[in-house]
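# Fold and contact review
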Amino acid sequence: MDALLTDVSSGYNFSSDDNQAMVAQMARDFAEKNIRPHVMEWDESQTFPVELFKQLGELGMMGVLVPEEYGGSGFGYFEYVTVISEIAKVCGSIGLSVAAHNSLCTGHILAFGNEEQKKRWLPKLATAEWIGAWGLTEANTGSDALHMSTTAVPDGDYYVVNGSKNWITHGKSGNIAVVMVRTGEKGDSHGISALVIEKGTPGFTHGKKENKLGMRASETTELVFDNCRVPKENLLGIEGQGFTQAMSVLDSGRISIAALSLGIAKGAFQAALTYSKERKQFGQPISNFQGISFKLADMATEIEAAELLIMQAADLKNRHLPVTKQSAMAKYYASEVAVRTATEAVQIFGGYGYTKDFPVEKFYRDAKLCTIGEGTSEIQKIVISREILR
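Our subject in this report is the structure included herewith. (Residues numbered from 1 in each chain as written. Predicted model: local features only at pLDDT ≥ 70, side-chain atom pairs only at ≥ 80, totals over all residues. Heavy atoms only, no water.)

## Focus: the nonpolar core
The tendency in soluble globular proteins is for nonpolar side chains to be buried as a group. Ranked by internal contacts, the top residues of the largest apolar core, which has 72 residues, are Ile35, Leu56, Ile94 and Leu260. For this core, the leading source of residues is helix 7 (residues 242–278), giving 14 residues. Beyond its immediate stretch of four places on either side in the chain, Ile94 contacts Ile35, Trp42, Pro49, Leu52, Phe53, Leu56 and Ile87. (Core = buried A, V, L, I, M, F, W, Y, C linked by side-chain atoms within 4.5 Å. Buried < 20%, exposed > 50% of the residue type's maximum accessible area, 1.4 Å probe, protein only. Helix = DSSP H or I, 4+ residues; strand = E, 2+ residues; numbered from the N terminus. Contact = heavy atoms within 4.5 Å.)

This is the structure:
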């Protein structure tokens, strides 16, 4: 067993502090007041509530990890995981957008931008004056990112970008995007670079908005580039570092999706637990029946196990230690737990769980994305197996 654990002599410390408790209460109160009343309305209409994210920005929840000098909250990963999971307990869509904004676009600039770039973009992102997007995936290159087709060709002080990205969160409403582009040969890990492209740049538009199974209030569209001229000063790091940067960003992002999964699982579990105590059959609450109580026991156990994996990964991030294996384990396990928990929650609700009058059908639809986004469960197994077989 010890061989599977990270060699960290000081061990792990998951104890919460006042900051974490304060952040949890703030996120919980905000979600109950500003999100829960609109959950199904936004879901049915596929509305991306931009103004809600502005409010979240005012509370510091759109720049949780950004240092205060750049307008952020200056918190660590425990607080970040708490924000996402508390919001996702109420609505996975809103939790997903908070996660994507924080960990992908904002996180990429925070990790790899120079000082001028950080001062230029982070204050707007941390306050949600600007909404951020991040572009890696293309129609024909999902997990196979090294064969992307979007190119950036040098032309004086600019790159001329052509191509498209898809499955981009905030692709339409976002004000800024970090985009991975090919500056070298296909298949070359040093042939990809990361460019920051602002909305309004000529040749930069969005394509169709996806009509999704779940996470419907989190906007997903294509990004389209047609001879889009991007200043070379918008290059993050140096040319050819984009793939390495993206893999690092995804290591962190997987903690976000794990936290999102945790929130969805907790929301579905709580709904099922409450219902099982209220719903009566044969003269007693259905929670009294072993068939139901054992389902609840399994759900509760898996949720706590997922949370421990997530906190382990968050602890490593806080201490700036390698997190590739732990983030992949957390994301893989928590996302699968979210799907299982939501499925069992629908089962406990019975016929009512199949209707939109009760919350579990939405948790059921939202949960599936967690096993796909930011690396499928199968990709997580590849990452984990590579790490343990080194």
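## Observations regarding the packing of aromatic side chains
Here the structure, examined in full by the defined rule, presents eight aromatic pairs. Relative to Phe225, the ring of Phe204 has its centre 5.1 Å away and its plane inclined at 10°; by these criteria the two rings are stacked. Remark: Phe225 occurs in strand 7 (residues 220–231) and Phe204 occurs in strand 6 (residues 204–209); sequence separation between them is 21 residues. You'll find Phe204 and Phe225 in the same group, each marked buried. Grouped by ring-pair contacts, the aromatic residues Tyr275, Phe349, Tyr352 and Phe358 constitute a single cluster. Sitting above the plane of the Tyr158 ring, Arg229 keeps its charged end 4.7 Å from the centroid. (Phe/Tyr/Trp six-rings, centres within 6.5 Å; stacked < 30°, edge-to-face > 60°. Lys NZ or Arg CZ within 6 Å of the ring centre and 35° of its normal.)

## A word on the layout of surface pockets
A volume near 1,300 Å³ is recorded for the largest pocket. Counting residues per element, the ones that place at least two in the lining of the largest pocket are helix 5 (92–112), strand 1 (132–135), strand 3 (158–169), helix 7 and helix 11 (377–388). In terms of residue class, the lining of the largest pocket is built from 21 nonpolar, 13 polar and 12 charged. The space that makes up the second largest pocket amounts to roughly 400 Å³. Mapped by element, the contributors of at least two residues to the lining of the second largest pocket are helix 5, helix 7 and helix 8 (290–318). Here the residues of the lining of the second largest pocket sort into nine nonpolar, nine polar and one charged. (1 Å grid on protein atoms, 1.4 Å probe; cavity = no way out; pocket = protein on both sides within 12 Å on 5 of 7 lines; lining within 4 Å. Points joined across faces, edges and corners; volume = space filled by probe spheres on them. Nonpolar A, V, L, I, M, F, W, Y, C, P; charged D, E, K, R; others polar.)

## Points about the pairing of strand 5 (residues 192–198)
In terms of residue burial, strand 5 counts as a mostly covered element, since six of its seven residues are buried. The pairing of strand 4 (residues 176–182) with strand 5 spans seven bridges and is antiparallel. When the sheet's bridge partners are listed, Ala177 is paired in strand 5 with Ile197. Summarising the sheet, strand 5 and strand 8 (residues 235–236) pair through two bridges and their orientation is antiparallel. Pairing of Ala194 across the sheet is with Leu236, part of strand 8. (Pairing = 2+ DSSP bridges.)

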